[in-house]
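# Summary of the model geometry
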Number of protein chains: 2
Amino acid sequence: MSGLVLSSFFSRAQSLNSSDYYSVVSINLFVTLLCACIVIGHLLEENRWMNESITAIAIGLCTGTVILLTTGGKHSRLLVFSEDLFFIYLLPPIIFNAGFQVKKKQFFRNFMTIMLFGAAGTLVSFIIIASGASQLLNKMGIGALEIRDCLALGAIFSATDSVCTLQVLNQDETPFLYSVVFGEGVVNDATSVVLFNAIQNFDLTNINFVTVLQLFLNFSYLFIVSTILGVVAGLLSAYIIKKLYFGRHSTDREIAVMILMAYLSYMLSELFDLSAILTVFFCGIVMSHYTWHNVTESSRITTKHVFATLSFISEIFIFLYVGMDALDIEKWNAVKSSPGKSVGVSSILLGLVLLGRAAFVFPLSFLSNLKKSESEKINLNQQVTIWWAGLMRGAVSMALAYKQFTLSGHTQQQKNAMMITSTITVVLFSTVVFGFLTKPLIRFMLPSPKHLTRMLSADSSPKSLQNPLLGNGVDSEADLGSPNVPRPTSLRMLLTNSTHTVHHYWRRFDDSFMRPVFGGRGFVPFVPGSPTEHSVHQST
Amino acid sequence: MSGLVLSSFFSRAQSLNSSDYYSVVSINLFVTLLCACIVIGHLLEENRWMNESITAIAIGLCTGTVILLTTGGKHSRLLVFSEDLFFIYLLPPIIFNAGFQVKKKQFFRNFMTIMLFGAAGTLVSFIIIASGASQLLNKMGIGALEIRDCLALGAIFSATDSVCTLQVLNQDETPFLYSVVFGEGVVNDATSVVLFNAIQNFDLTNINFVTVLQLFLNFSYLFIVSTILGVVAGLLSAYIIKKLYFGRHSTDREIAVMILMAYLSYMLSELFDLSAILTVFFCGIVMSHYTWHNVTESSRITTKHVFATLSFISEIFIFLYVGMDALDIEKWNAVKSSPGKSVGVSSILLGLVLLGRAAFVFPLSFLSNLKKSESEKINLNQQVTIWWAGLMRGAVSMALAYKQFTLSGHTQQQKNAMMITSTITVVLFSTVVFGFLTKPLIRFMLPSPKHLTRMLSADSSPKSLQNPLLGNGVDSEADLGSPNVPRPTSLRMLLTNSTHTVHHYWRRFDDSFMRPVFGGRGFVPFVPGSPTEHSVHQST
């Protein structure tokens, strides 16, 4: 049964007459372009306007043009964005790496703020974009949009892409901002995909309080069960490696088990129709907290870099793909007759994106500031930075748009074609134009004397597209207990104390039960001959 | 054009109605089975009869049986062995890793012996099996075999699989035997695939001296051009990383470029119809000699383990696949009517395999011994070990058999079905039965007092399925200049001297021209803060 499909999936390419040859050609082309993106991205690293995403999109567009010209514009479907490829192969490494490399201390310290922005904020943005779309787009005369389409648009355009911003922010100078922007990005990804799936599986013929409640319960169910699955998968991998490989380490097996278990958690979550993104994100966190400490020194270095590299390649691949796909003729043909409408729809959506994000960043910052001391408050410049950081729309939006508007497999229908082209326009415009402005804007908003020296100094540390909050997974959590909080207000004191209490109990539970069973830092016997922790830090 | 195919390749799975779900199920199943194989393989590591290949085949067979039973034996094609999947995704990491991890000193020191066994030996084996098949199989009454089929059988059954043996041999105790068995395995893989492709592209209607000469020239052309492409790709990667990343290393980019360039060399070779195996093998050697030294410490550790792990996973995947595919009902139905014939054909082929290998191992060992001193001669026990090491047939044989006998896409034709089932039988029988006997046989043939202690000692070094001749790529070549050769004969002296002269000139050329341009050990400036070489050795 299962083999049947796998085989049909792989043997199909060869059942076409000359497809063997063409698939070899296209793999060559893609690998070459990936190499080109990496090299050019490296050369442009110090350029103040460019970043890797824009480079990849630009190269994708150029290649698309060349292919279009060489085929005489005949091929209407040059490259179809397949959400299967995206969700099964490209997204897992990106999200897993995000969880694996997250600085857990910062993440959990700012957990409430992150959840506020990532979950509540995305919900606000979703509601504004969905209602705005249903109000404004139906007046454009592009055919009646169903309620489901409008809600889908809300989910599609709530998915942010904060990679550009994270490449510019410096986590040592602005650790709080960094952790919020990064954490929000991850939770936002998960929330929008969960929202999108919840809408897909839901009867939306009549919306009332009960439906909304059901939607909310469905959302909570997905959120909780997905998280549990991820945590269990991570713990299982830690337990297996600790029990079986104890004292007799085998590097390749360890690495293989970690990679396979992480991927398995994602695919199991997909199988049970959960939020695979959340699952693999928490699997990454648990793996970096327990499993990572149970393996050999070499495995630790290898897994850390391998996950980052896979994530890096996937990101570039996606932007390349988006760039090439933007030139798919068929879709543009369908909207050619009404260019004005197309521009109008794109502008409306872009406006809604700007508005939807402003509508939660500033109010939620105000809310968040209520329980903070003067020195910890999010000032206006920081608020603008957070607002700007989430304006870019990326591959997740593309993938969701394709899932919603090409379910029938074609985009001849004008309404669908319009939505796809508008999504492409918004993604390209926001990534390229907003992306261009990010570096100058952040330097203006967050002036830093160290900034220039940092950019020019020859640092030997890895600078990846996606290693925000990069930690060795060994960040000490001890200093959480003694924050230097001046003159606490009563509300803040309550919240601070409760956080500290939760953290205290978690530490005790972790040390007395979890770590002895699942391993982790300090609970793995010293292997003679392996380099000290010190040398890992040096070499990474 | 190219995008067209890539998209059709990936979007096909979703064009089927429920295939999304099934492909998720099958990926889950496969990943779970891979994990199971790794864990069980680890548990059985000290078992004297078992090895990872047999474990994977056994698990594959069990799973195949379960699927067969749950579907009520309805599905005639459970899992089709796709040579595309094999040659495009699974084989490259295995062969690249072989080249990357080879101990270059040992490999080039025994280069002549390895080429003698790998190229000339495979040719002898090919001729014997092909002629034996054309003589014996046509008397079995299974339909007339064309001359092309017989030659293909020769190539198919000349491809050895020495993984089992390499798992048992100890490279510290028997370095010569190890390097010969391993090196022969690689060259043999390449030779048999090149032979197979040469046959495919050749007009074989009338064989005469000119045809044979053309075949030989074709073979030589493929061999040389493929090697050059691999070397060029490796040097290019070294040059790019040395020039662009000089002094400002970016670990993830380095790793990504190394992986992508290695894969690109393989795919380019495929594109030009060369021997991709040879290309990627030499690309691996060059990369480990130059590129590997130009990257950061972390990248070095990471790439070394990542290539080994990918190779390890691919190997297990292949054996799992072979085990599951063995239960494909359709093929067995076609030969059910004549079980006697099937057994007969398999036995004949197995006999030819044994004979074909004996026919070159012992004579070539004799030849090789002529130019060696008494202490360096290959004694009879070693000859038997070499003979035994190449008796197993594995995934390459399977892939070639499918390519030859399922070109029309089905195996209803009795002759084709018979060939496929016989190949499966030979592969399963040789891997399982011969594999079982390998450990006891080698302990009997090469008794070693250190053997037991080594197996039981808790070593922290990686023990991979495929890291024979594992070197750090930094093995000193200096000691080649002073071999302790007692009482040289004149012929041997001549050969030894010429080898030394070649090596001497190569060293001078490498030091004065190659290394300054392409980097390599000792030609990369010291990066302050990076751990010393010493700690790499410790940690690996």
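A quick note: this is a predicted structure, and the numbers were derived from the prediction, not measured.

So, on to the overall build of chain A. A tally of regular secondary structure across chain A gives 21 helices and zero strands. Residue burial in chain A is summarised as follows: out of 540 residues, 60% are buried. Contacts in chain A between residues far apart in sequence, at least 24 positions, make up 85% of those at least 6 positions apart.

Here the focus is the packing of helix 13 (residues 297-325) of chain A against helix 11 (residues 251-271) of chain B. Helix packing geometry: the angle between the two helix axes and the distance between the axes. Direction vectors running N to C along helix 13 of chain A and helix 11 of chain B enclose 70°, while the axes themselves pass 9 Å from each other. For the element pair helix 13 of chain A / helix 11 of chain B, the angle class is roughly perpendicular. Contact with helix 13 of chain A, carried on its side by His305(A), Ala308(A), Thr309(A), Phe312(A) and Ile313(A), involves Thr251(B), Asp252(B), Arg253(B), Ile255(B), Ala256(B) and Leu260(B) of helix 11 of chain B and no other residues of that element. Of the residues that constitute the contact of helix 13 of chain A with helix 11 of chain B, the class distribution is six nonpolar, three polar and two charged.

To continue, consider the pattern of salt bridges. All names here are of chain A. Going through the model one piece at a time under the given rule, you end up with six salt bridges over all chains. Two residues, glutamate 184 and arginine 357, come together in a salt bridge whose shortest N-O distance is 2.8 Å. Of this pair, glutamate 184 sits in helix 9 (residues 175-200) while arginine 357 sits in helix 15 (residues 339-370); the two residues are 173 residues apart in sequence, bridging distant segments of the chain. This pair shows no difference in class: glutamate 184 is buried, exactly as arginine 357 is. Close ionic contact of arginine 515 with aspartate 511 constitutes a salt bridge, the shortest N to O distance being 3.7 Å.

Quick look at the environment of Ile147(A) now. Tracing the backbone shows Ile147(A) in helix 7 (residues 147-156). For Ile147(A), a relative accessible area of 44% translates into the label partly exposed.

Residue and element names in this part refer to chain A. Splitting chain A by domain gives domain 1 (11-71) and domain 2 (83-450). Contact with domain 1, which involves 25 residues of that partner, is made by 23 residues of domain 2. For the pairing of domain 1 and domain 2, the buried interface totals around 2200 Å² over both sides, and the portion due to carbon and sulfur atoms is 79%. At the junction of domain 1 and domain 2, the tally comes to zero salt bridges. Taken together, the connections running from domain 1 to domain 2 amount to zero residue pairs in polar contact (both at pLDDT 80 or more). Listing elements by their share of the side of domain 1 that touches domain 2, those giving two or more residues are helix 2 (19-43) and helix 3 (52-70). For the side of domain 1 that touches domain 2, the leading source of residues is helix 3, giving 13 residues. Residue classes in the side of domain 1 that touches domain 2 are distributed as 15 nonpolar, seven polar and three charged.

Here we take up helix 12 (residues 276-294) of chain A. Residue and element names in this part refer to chain A. Taking 1.5 Å per residue, 19 residues should reach 27 Å; helix 12 reaches 25 Å between its end C-alpha atoms and fits that length. Of all the bends in helix 12, the greatest measures close to 50° and is centred on methionine 287. Most of helix 12 is tucked away: 19 of the 19 residues are buried.

About the criteria used
Residues numbered from 1 in each chain as written. Chains lettered and ligands numbered in written order. Predicted model: local features only at pLDDT ≥ 70, side-chain atom pairs only at ≥ 80, totals over all residues. Heavy atoms only, no water. Helix = DSSP H or I, 4+ residues; strand = E, 2+ residues; numbered from the N terminus. Buried < 20%, exposed > 50% of the residue type's maximum accessible area, 1.4 Å probe, protein only. Contact = heavy atoms within 4.5 Å. Axes fitted to C-alpha atoms, helices over the stretch in contact; angles between N-to-C directions. Parallel < 35°, antiparallel > 145°, perpendicular 65-115°, else oblique. Nonpolar A, V, L, I, M, F, W, Y, C, P; charged D, E, K, R; others polar. Salt bridge = Lys/Arg side-chain N within 4 Å of Asp/Glu carboxyl O. Domains from an automatic or database assignment. Buried area = accessible area lost by both parts, 1.4 Å probe. Polar contact = N/O pair within 3.5 Å; in protein donor to acceptor, adjacent residues only side chain to side chain. Expected span 1.5 Å × (residues − 1). Bend = angle between axes of the 7 residues up to and from the residue.

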